[in-house]
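Residue strings, one per chain:
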Amino acid sequence: QVQLVQSGGGLVQAGDSLGLSCVVSGRDLSRLTMAWFREAPGKAREFVARLDHTGGSALYSDYVKGRFLISRDIGKNTVYLQMNNLKPEDTARYFCVASESTYGTLTHGGEFEYWGQGSQVTVSS
């Protein structure tokens, strides 16, 4: 059973940086496609970033490209989301997700079997 435990998040001001962590247990990262999604009140769930099972290919939504970085530490079996130059519109609950599928673009929430508990990120203007 794959389990994802998130940490990080909080309240920051526009322009600040913040990091999220996601510790994975039950499966090595080399066998998982990892991603981050976010949900804001009144808005649809939104894809943020994805890292393939090799760790060599990352994909970002246009909203965060150039500001956010998804990375991983194989030794710690942990995935990170570094968020820079945060904007009020980045305010949302962020979820770490994992899929045992290693093929395809995997940018829809329904394609990921495992979800973390979520971390609130609030950006004030």
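The preceding data block contains the structure.
Residues numbered from 1 in each chain as written. Predicted model: local features only at pLDDT ≥ 70, side-chain atom pairs only at ≥ 80, totals over all residues. Heavy atoms only, no water.

**Student:** Looking at this structure, I do not really get the overall build of the protein. What am I missing?
**Tutor:** The helix and strand tally for the protein stands at zero helices and eleven strands. Helices (α) and strands (β) of the protein occur, in sequence order from the N terminus, as β-β-β-β-β-β-β-β-β-β-β. By the compact-globule yardstick of 14 Å for 125 residues, the protein fits well, its C-alpha radius of gyration being 13 Å. Here the C-alpha coordinates of the protein stretch approximately 40 × 25 × 25 Å along the principal axes. Relative to its 125 residues, the protein shows a buried fraction of 42%. (Helix = DSSP H or I, 4+ residues; strand = E, 2+ residues; numbered from the N terminus. Rg over C-alpha atoms; globule rule 2.2 N^0.38 Å. Buried < 20%, exposed > 50% of the residue type's maximum accessible area, 1.4 Å probe, protein only.)

**Student:** What is the right way to read the sheet that holds strand 8 (residues 78-83) from this model?
**Tutor:** Working definition: the strands of a sheet are paired by backbone hydrogen bonds and lie parallel or antiparallel to each other. In spatial order, the strands read 1-3-8-7; together these four strands make up an open sheet with antiparallel pairing. Two strands in the sheet have a free side with no partner beyond their single neighbour: strand 1 (3-8) and strand 7 (68-73). Between one strand axis and the next, the sheet turns by 20° as a mean value, whatever way the strands run. (Pairing = 2+ DSSP bridges. Axes fitted to C-alpha atoms, helices over the stretch in contact; angles between N-to-C directions.)

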